[in-house]
Amino acid sequence: QVQLVESGGGLVQAGGSLRLSCAASGRTFGNYVMGWFRQAPGKEREFVAAISRTGGGTYYADSVKGRFTISRDNAKNTVYLHMNSLKPEDTAAYYCAADLSGTSLYSESVYDYWGQGTQVTVSS
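Residues numbered from 1 in each chain as written. Predicted model: local features only at pLDDT ≥ 70, side-chain atom pairs only at ≥ 80, totals over all residues. Heavy atoms only, no water.

A. Up close: the overall build of the protein. Within the protein, the regular secondary structure consists of 0 helices and 11 strands. Overall, the protein shows an N-to-C arrangement of helices and strands of β-β-β-β-β-β-β-β-β-β-β. Taking 124 residues into account, the globule formula puts the C-alpha radius of gyration at 14 Å, and the protein, at 13 Å, falls close to it. Buried residues in the protein amount to 47% of all 124 residues. Restricting to contacts in the protein with at least 6 residues of sequence separation, those with at least 24 account for 57%. Carbon and sulfur atoms provide 46% of the accessible area of the protein, an area that totals close to 6200 Å². Looking at the protein, you have 11 positive and 10 negative side-chain charges, and the mean spots of the two groups are 6 Å apart. (Helix = DSSP H or I, 4+ residues; strand = E, 2+ residues; numbered from the N terminus. Rg over C-alpha atoms; globule rule 2.2 N^0.38 Å. Buried < 20%, exposed > 50% of the residue type's maximum accessible area, 1.4 Å probe, protein only. Contact = heavy atoms within 4.5 Å. Areas by Shrake-Rupley, 256 points an atom, 1.4 Å probe, with all protein chains shown as cover. Lys, Arg positive; Asp, Glu negative; His and termini not counted. Charge placed at Lys NZ, Arg CZ, Asp CG, Glu CD.)

Below you can see the structure in the form of structure tokens.
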């Protein structure tokens, strides 16, 4: 069992930056591929970014590539999402998720555990 707790969301002006954190419980954090997803009001949840178990591989949605950076610290059981050049269309609830299988990073259906989400609001 893994419990995930996100933090770092908030209100920011367009062009600004935020760093989201996701702290995981348990001693097996390094066994999980970690992902970030987001869901805007009235829209389906969508993939944002994922990172391999060791952090050597990172993957991004086209909409955030070049602006967002995912990273992890396995010693601290934490995954981060650094968000720069934020746009109003980035406004959403952001969720971190843990996937043991690592078979399909972009699909939310393969992720085993989810956090409760943290809200990011970008004003124009």
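B. Representation of the nonpolar core in the model. Leu-4, Met-34, Trp-36, Leu-81, Met-83 and Tyr-94 are the most contacted members of the largest nonpolar core, which totals 39 residues. Contributions of two or more residues to this core are made by β3 (18–24), β4 (33–39), β5 (46–51), β7 (68–73), β8 (78–83), β9 (92–99) and β11 (118–123). (Core = buried A, V, L, I, M, F, W, Y, C linked by side-chain atoms within 4.5 Å.)

C. View of the side chain of Asp-90. By the element assignment, Asp-90 lies in the loop between β8 and β9. A polar contact is formed between the side chain of Asp-90 and the side chain of Arg-38, at a distance of 2.9 Å. Ignoring sequence-local partners within four residues, the contact set of Asp-90 consists of Arg-38, Arg-67, Phe-68, Ser-85, Val-120 and Val-122. (Polar contact = N/O pair within 3.5 Å; in protein donor to acceptor, adjacent residues only side chain to side chain.)

D. A look at unusual backbone geometry. For Asn-77, which is not glycine, the phi dihedral falls at a positive 55°. Assignment of secondary structure puts Asn-77 in the loop between β7 and β8. On the basis of relative accessible area, Asn-77 is assigned to the buried category, the value being 16%. Of note, the phi angle at Ser-85 is positive, near 50°, even though the residue is not glycine. Mapped onto the fold, Ser-85 is located in the loop between β8 and β9.

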